[in-house]
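Secondary and tertiary structure notes
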Amino acid sequence: ISTIASAPLAALGQFYSTTAGNINIAGQAGAAGGTATSVSSVTINPLPTISYAGSPFSYTQGTAITTLTPSLTNSPTTFTCSPTLPTGLSFGTTNGVISGTPSVSSASTVYTVTGTNGNGCTNTTSINILLLSDNAIIIYYTQRYIILWK
């Protein structure tokens, strides 16, 4: 913050105090033999955080996934996911939960989940989901995998 009501902080005496997410700024400016005091308060709202343990995720078409419930801080209350999840998977717009049974296979895709809290603060996280065909064979090799189709 460099100005308050278009007055440089230097002209206000630059007195700052902070408590519990608030910044209080007070100062005095003299004019023609008088003084004026101004106090302003700015509230700093914390960003919500969202995380899904275990990404990247691999699931098989036609088999119910283990429900993905995010860990949350700073109370996000609404959620979005982009791009849209594959057919059969659902996304909770009030809790960020991903669940369902995928009815299609899809290549490994990065999804961006955004959470917004009651103060209007937003934050995002990314998860990677791979949906394998129900007849895929996976061979793991040094932390990478090769998918062979029947």
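Residues numbered from 1 in each chain as written. Predicted model: local features only at pLDDT ≥ 70, side-chain atom pairs only at ≥ 80, totals over all residues. Heavy atoms only, no water.

As a further point, take the confidence of the model for the protein. Mean pLDDT over the protein: 78, with 62% of residues reaching 70 or higher. Here residues 1–20 is a poorly scored stretch, pLDDT under 50, and it has 32 contacts once near neighbours within four places are set aside; other chains count. (pLDDT = per-residue confidence, 0-100. Contact = heavy atoms within 4.5 Å.)

Here S55 and P56 are connected by a cis peptide whose omega angle stands at 10°. The residue P56 is located in the loop between β6 (49–51) and β7 (57–60) in this model. With an omega of -5°, the peptide bond running from S82 to P83 counts as cis. Looking at the element boundaries, P83 is found in the loop between β9 (76–82) and β10 (89–91). Although it is not a glycine, N74 sits at a positive phi angle of roughly 60°. Here N74 shows up in the loop between β8 (71–73) and β9. Residue class for N74 comes out partly exposed when judged on its relative accessible area of 36%. A positive phi angle, close to 55°, is found at S75, a residue other than glycine. By relative accessible area, S75 is classed as exposed at 53%. (Helix = DSSP H or I, 4+ residues; strand = E, 2+ residues; numbered from the N terminus. Buried < 20%, exposed > 50% of the residue type's maximum accessible area, 1.4 Å probe, protein only.)

Before going further, it helps to examine the pairing of strand β13 (residues 122–132). Where β7 lies against β13, four bridges are found, and the strand directions are parallel. In the strand pairing of β13, Y59 is matched with L131. As paired elements, strand β12 (residues 106–117) and β13 share nine bridges and run antiparallel to each other. Bridge pairing in β13 places Y111 opposite I127. Here β12 folds back onto β13 in antiparallel fashion, the turn holding four residues, of which G120 has a positive phi close to 85°. (Pairing = 2+ DSSP bridges.)

Here we come to the pairing of β12. Taken together, the six bridges between β9 and β12 define a ladder with antiparallel strand orientation. Bridge pairing in β12 links S82 to T112.

The next thing to look at is the packing of aromatic side chains. Scanning the entire structure with this criterion turns up one aromatic pair. A centroid spacing of 6.2 Å and a plane angle of 10° characterise the contact between F57 and Y59, whose relative ring orientation is stacked. Each member of the pair, F57 as well as Y59, carries the same accessibility label: buried. (Phe/Tyr/Trp six-rings, centres within 6.5 Å; stacked < 30°, edge-to-face > 60°.)

This next bit is on the side chain of N117. Mapped onto the fold, N117 is located in strand β12. Among the polar contacts made by the side chain of N117, one reaches the main-chain carbonyl oxygen of P46 at a distance of 3.2 Å. Sequence-distant contacts of N117, defined by excluding residues within four places in its chain, comprise P46, P48, N74, S75, P76 and T77. (Polar contact = N/O pair within 3.5 Å; in protein donor to acceptor, adjacent residues only side chain to side chain.)

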